[in-house]
Amino acid sequence: MIPGNLSLLNLESLEASTLSIVYSDKEWGEDSCNRNESIPFGPHGIDLIERDDGRWQLAVVDHISEESIEMFELLYKGNKWSLEWKGCIKPSADKYLNDVSLKSDGSFFVTHMYDRHSTITDFLAIALFKYDTGHVMYWEPELGLKKVNNSEGSMPNGIAYDQINDTLYVNFNLGNIFFTISELIPLTIIISLQKLYL
């Protein structure tokens with residue numbers, strides 16, 4: 001993957017500007033996860049939420065070097081937006097992540113799409129037979145990153161958590177399925193029968 005950056009789009013002028021990043025002490029994430037300005041950045045899935053403490057938290061899936069979910073605080077100072085790095089979380093080495101969705105307490109859901117060691121032949125078989133390749137994972141400081149029960153599917157991709165209705169929406173790219181997961185209890189899920197076959 002080619003290194004990238006994070007940009008801000010002005011909806012009035014339609015001009016994009018690169019967000020500057022300041023690296024500070026870890027505050028959100030795991031003590032064992034580290035990052036500095038010398039490490040290339042390959043952003044993918046992102047989510048932004050206003051935390052319970054009133055601060056704005058941005059989560060970004062990063063694919064370069066090792067898979068990780070990077071945490072930033074979005075700041076507005078001197079008529080300018082910027083990011084301050086606040087920490088990160090790394091899954092086990094076999095995981096390939098895709099999208100992330102935050103909760104206002106700083107915990108989050110993330111899709112593990114497939115095994116990082118998958119081959120082109122594996123992808124062709126998945127596209128044809130649509131067997132399970134990944135699942136949803138949930139992270140909170142006390143328990144770390146854990147698999148969410150009954151969340152398996154073929155290429156879990158986009159994910160969005162509706163905190164008001166306590167409902168998680170998951171798209172399974174090669175499974176041609178979009179479904180809702182409701183009545184969320186950490187690591188235990190009741191899946192609704194509202195499945196849309198595309």
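Our structure is the block above this text.
Residues numbered from 1 in each chain as written. Predicted model: local features only at pLDDT ≥ 70, side-chain atom pairs only at ≥ 80, totals over all residues. Heavy atoms only, no water.

## Concerning the packing of aromatic side chains
Put simply, the rule reads: To pair, rings of Phe, Tyr and Trp, with the six-membered ring standing in for Trp, must have centres within 6.5 Å; the planes then decide the type, stacked if under 30 degrees apart, edge-to-face if over 60, and tilted in the middle. Here a helix means four or more residues in a row that DSSP labels H or I, a strand means two or more in a row labelled E, and each is numbered from the N terminus. When a residue's accessible area, from a 1.4 Å probe over protein chains only, is under 20% of the maximum for its type it is buried; when over 50% it is exposed; and in between it is partly exposed.
All chains considered together, the criterion is met by six aromatic pairs. Plain terms: the ring middles of Tyr23 and Trp85 are 6.0 Å apart, the flat faces sit at 40° to each other, and that makes the pair tilted. On the criterion of sequence distance, the pair formed by Tyr23 in strand β3 (residues 21-23) and Trp85 in strand β7 (residues 80-89) is long-range, its members being 62 residues apart. Each ring, one from Phe109 and one from Tyr138, has its centre 4.7 Å from the other, and the planes form 45°; the classification is tilted. In this pair, Phe109 sits in strand β9 (residues 108-115) while Tyr138 sits in strand β10 (residues 135-140), placing the two residues 29 residues apart along the sequence. The same class applies to Phe109 as to Tyr138, namely buried. Counting every residue linked through ring pairs, the aromatic cluster contains Phe109, Tyr138 and Tyr161.

## Remarks on the sheet that holds β7
Two pairing modes exist for strands in a sheet, parallel and antiparallel, and in both the strands are linked by backbone hydrogen bonds. Heads up, the rule is: At least two bridges found by DSSP between two strands is the condition for calling them paired. Note on definitions: angles span 0 to 180 degrees between N-to-C directions of axes, and those axes are lines fitted to C-alpha atoms, for helices only across the stretch in contact.
Pairing within the open sheet is mixed, and its five strands lie in the order β3-β7-β6-β5-β4. With partners counted over all chains shown, the strands left at the sheet margins are β3 and β4 (43-50), one partner each. Geometrically, the sheet is characterised by an average inter-axis angle of 30° between neighbouring strands, direction not taken into account. One ladder, built from six bridges, connects β4 with strand β5 (residues 56-62); its direction is antiparallel. Bridge pairing in β5 places Asp47 opposite Ala59.

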